[in-house]
Amino acid sequence: MLLQHEIILRLTATQHEQLKRTLFPGDGKESVAVALCGTHRSAQRTVLCMHRINAVPDENCTERSADSVVWPTEPQVALFSEAARKKMVVLKIHSHPSGFPRFSGLDDKADRALLGSLLKLAPNEIGHASAVMLPEGKIFARLLGDDGRFSKIARVVVVGDEVVAFEDGRSTKGAPFDEAFLRTQQAFGARTVSMLSKMRVGVVGCSGTGSWVVEMLSRLGVGELVLVDPDVIERKNLNRILNSVASDAAAARPKVKVFARAIQRLGLGTKVTSYQTDILQRKVVHSLADCDFLFGCVDSADGRDALNRVAAFYIIPYVDVGVLLQADGKGSVQQICAAVHYLIPDGSSLLSRRVITAEQVRAESLRRRSPGQYAALRKEGYIQGVNVDSPAVISINGFAASHAVNEMLARIHPFRRDANREFRAQTFSLADGAWLRVDDGHPCPFLAKRAGRGDCRPLLDNAELS
């Protein structure tokens, strides 16, 4: 059951660790930091995404005690000016070493003074924010709007190898328990079932693997699905797309509409928002920015790159799933591979892992935007060809998709004996019976710097979305 409107703060696990080191130096006194946050706002949610943290050195504070901290704001003027210029939100966060689980009277007074001044210096449509970190790492936060009122931030979400949500206490109540999810609850517990019921999950690509992902997420009780796919059902799809029938192919029904129909018939309460288009549309990017988790089930390099950018800019965990079936077209199979990649917003990317290349992204973008120019450049040898079609079989798609969905479950409900970090990049060869965990490498030099940037111009730093 999704709330009508909520305010969410997202940060990465790396940022969370940085804050914990800064705010708890070990002397039992309060410390403070300031962060610049990207934003996204819709009718459903207001999202703050932590972009950059400026620590306030303890030695620069004019007063520090177990229940108060006084610090100079002058060294943060450059950050405040950047917030004003880019219409971003300033977040002040300090520690409560005592574990006091609420904003104190001193906090109220200090926040009104600082955030009130920031509303004049760096006005925006959202306001500015304040947060407190407790010794165990829990964060609670609030927003001061231009009406002078504090609004609680319903959830603070930390995205890393695990996805951890700190809730304000009011948003923990879900819908009445549905017996349809009894077995899921027995396996993963009531908390995970409740979490799933409040999640909004985006699935880009609703063909072979995507259809399995959608089916499993809806039967797990995910609150809302955002489905993105430009194509219609064709007869050649019927061998692998769940819930598609011959009449859908005859009528050339959009894939996303077929799945919306199937989910409605299922009757488990999952809401569906669908887009019969590709991901590189402003309305699609904005809708995906509202999501709590993303799945990429597309073959195109430019689509995968765009989804990776959405995940980074808005701090959203992202699972990319791909299948490769090499056959001669006459029944001889050379290789069957599946790959599942878990992407952390300020970690490595599909580009830095070399799953896709910049040349592929450029070529496929050109093919989509200007087919004639693409064909001419390819003929002249200036551009590398892009694979248009490849074999696809339902059993292989289902295998890959189930691993992808289980990857999401492992991140929100850690159940593995080995650390989740070791499962960021996995490849499976059904032909060789091999399962490999591949090192994901270093943070992406391009996307890691843009983690938490939120809405900007051009959107996702992509000229197509200007």
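In short, a report on the structure. Just so we're clear, the structure is a prediction, and the values are computed from it rather than from any experiment. (Residues numbered from 1 in each chain as written. Predicted model: local features only at pLDDT ≥ 70, side-chain atom pairs only at ≥ 80, totals over all residues. Heavy atoms only, no water.)

Right, let's talk about the sheet that holds strand β2 (residues 32-41) for a bit. Adjacent strands of a sheet pair through backbone hydrogen bonds, lying either parallel or antiparallel. The sheet built from nine strands is open, its strands ordered β9-β8-β7-β6-β2-β3-β1-β10-β11 with mixed pairing. Strands with a single pairing partner mark the edges of an open sheet, and in this sheet they are β9 (150-152) and β11 (163-167). Between one strand axis and the next, the sheet turns through 30 degrees on average, direction left out of account. Examined bridge by bridge, β2 and strand β6 (residues 89-95) share six bridges and lie antiparallel to one another. Paired with V34 across the two strands is K92, which belongs to β6. On the sheet, helix α3 (residues 105-121) packs against β6, β7 (128-133), β8 (139-144) and β9 and is oriented at approximately 50 degrees with respect to β8. (Pairing = 2+ DSSP bridges. Helix = DSSP H or I, 4+ residues; strand = E, 2+ residues; numbered from the N terminus. Axes fitted to C-alpha atoms, helices over the stretch in contact; angles between N-to-C directions. Contact = heavy atoms within 4.5 Å.)

What the rule picks out here adds up to two cavities of 30 Å³ or more. In this structure, the second largest cavity spans a volume of roughly 30 Å³. If you trace the second largest cavity, you find it lined by N308, A312, I344, P345, G347, S348, S349, C444, L447 and A448. (1 Å grid on protein atoms, 1.4 Å probe; cavity = no way out; pocket = protein on both sides within 12 Å on 5 of 7 lines; lining within 4 Å. Points joined across faces, edges and corners; volume = space filled by probe spheres on them.)

A few words on the sheet that holds strand β14 (residues 271-275). Pairing is mixed across the open sheet formed by eight strands, whose spatial order is β14-β13-β12-β15-β16-β17-β18-β19. If you trace the sheet from one side to the other, it starts and ends with β14 and β19 (434-437), each paired once. The sheet shows a mean angle of 15 degrees between the axes of neighbouring strands, taken without regard to direction. Pairing between strand β12 (residues 200-204) and strand β13 (residues 224-228): five bridges, direction parallel. The residue of β13 that forms the bridge with R200 is E224. Its contacts with the sheet put helix α6 (residues 208-220) on β12, β13, β15 (293-296) and β16 (318-327), and the angle it makes with β12 is roughly 165 degrees. Where helix α8 (residues 255-266) meets the sheet, it contacts β13 and β14, and its direction lies at approximately 175 degrees from that of β14.

Bringing the packing of helix α5 (residues 190-197) against helix α13 (residues 394-412) into the picture now. Where α5 contacts α13, the axes come no closer than 11 Å and their chain directions differ by 115 degrees. Remark: the crossing between α5 and α13 carries right-handed chirality. Where α5 abuts α13, its residues R191, T192, M195 and L196 lie against M408, L409 and I412. Considered class by class, the residues forming the contact of α5 with α13 number five nonpolar, one polar and one charged. (Left-handed = near helix turned anticlockwise from the far one by under 90°. Nonpolar A, V, L, I, M, F, W, Y, C, P; charged D, E, K, R; others polar.)

With that settled, consider the pairing of β7. Across the six residues of β7, six count as buried, placing the element largely inside the fold. Here β7 shows a buried face lined by H128, S130 and V132 and a second buried face lined by A129, A131 and M133. By the bridge criterion, five bridges tie β6 to β7 in an arrangement that is parallel. Considered in β7, the bridge of I93 is made with A131. In terms of handedness, the path from β6 via α3 over to β7 forms a crossover that is right-handed. As judged from the six bridges shared by β7 and β8, these two strands associate in the antiparallel manner. Across the sheet, residue A129 finds its bridge partner in β8, namely L143. The loop that links β7 with its antiparallel partner β8 comprises five residues; one of these, G137, has a positive phi angle of about 105 degrees. (Buried < 20%, exposed > 50% of the residue type's maximum accessible area, 1.4 Å probe, protein only. Right-handed = clockwise from strand over helix to strand, strands pointing away.)

The next subject is the environment of V69. With respect to the secondary-structure elements, V69 resides in strand β5 (residues 69-70). Each C-alpha atom of the pair V69 and G269 lies 47 Å from the other, and the pair is 200 residues apart in sequence. In contact with V69, not counting residues within four places along its chain, are E30, V32, C61, E63, R64 and H94.

If you walk through the whole model with that rule in mind, you get zero disulfides. Note on C37: no disulfide assigned, nearest cysteine sulfur contributed by C49 at a separation of 7.9 Å. The exposure class assigned to C37 is buried, which follows from its relative accessible area of 0%. (Disulfide = S-S within 2.5 Å.)

Take the packing of aromatic side chains next. In total, this model carries six aromatic pairs according to the counting rule given. Summarising the aromatic geometry, the rings of F293 and Y342 are spaced 6.5 Å apart at their centres and angled 35 degrees between planes, so their arrangement reads as tilted. One end of the pair, F293, is in strand β15; the other, Y342, is in strand β17 (residues 333-343), with 49 residues separating them in the sequence. Grouping aromatic residues by their ring pairs yields a cluster made of F293, F295 and Y342. (Phe/Tyr/Trp six-rings, centres within 6.5 Å; stacked < 30°, edge-to-face > 60°.)

Where burial is concerned, most of α5 is hidden: six out of the eight residues are buried. Among the residues of α5, those classed as buried are T192, V193, S194, M195, L196 and S197. On its buried face, α5 is in contact with α4 (182-188), α6 and α13.

Let us now look at unusual backbone geometry. Omega for the bond connecting R457 with P458 falls within 30 degrees of zero, at -10 degrees, which places this linkage in the cis form. Structurally, P458 can be placed in the segment after β19. For N243, which is not a glycine, the phi torsion comes out positive at approximately 70 degrees. With phi around 50 degrees, I315 is a residue other than glycine that occupies positive phi space. Along the chain, I315 turns up in the loop between α10 (301-313) and β16. Given the relative accessible area of 1%, I315 is considered buried.

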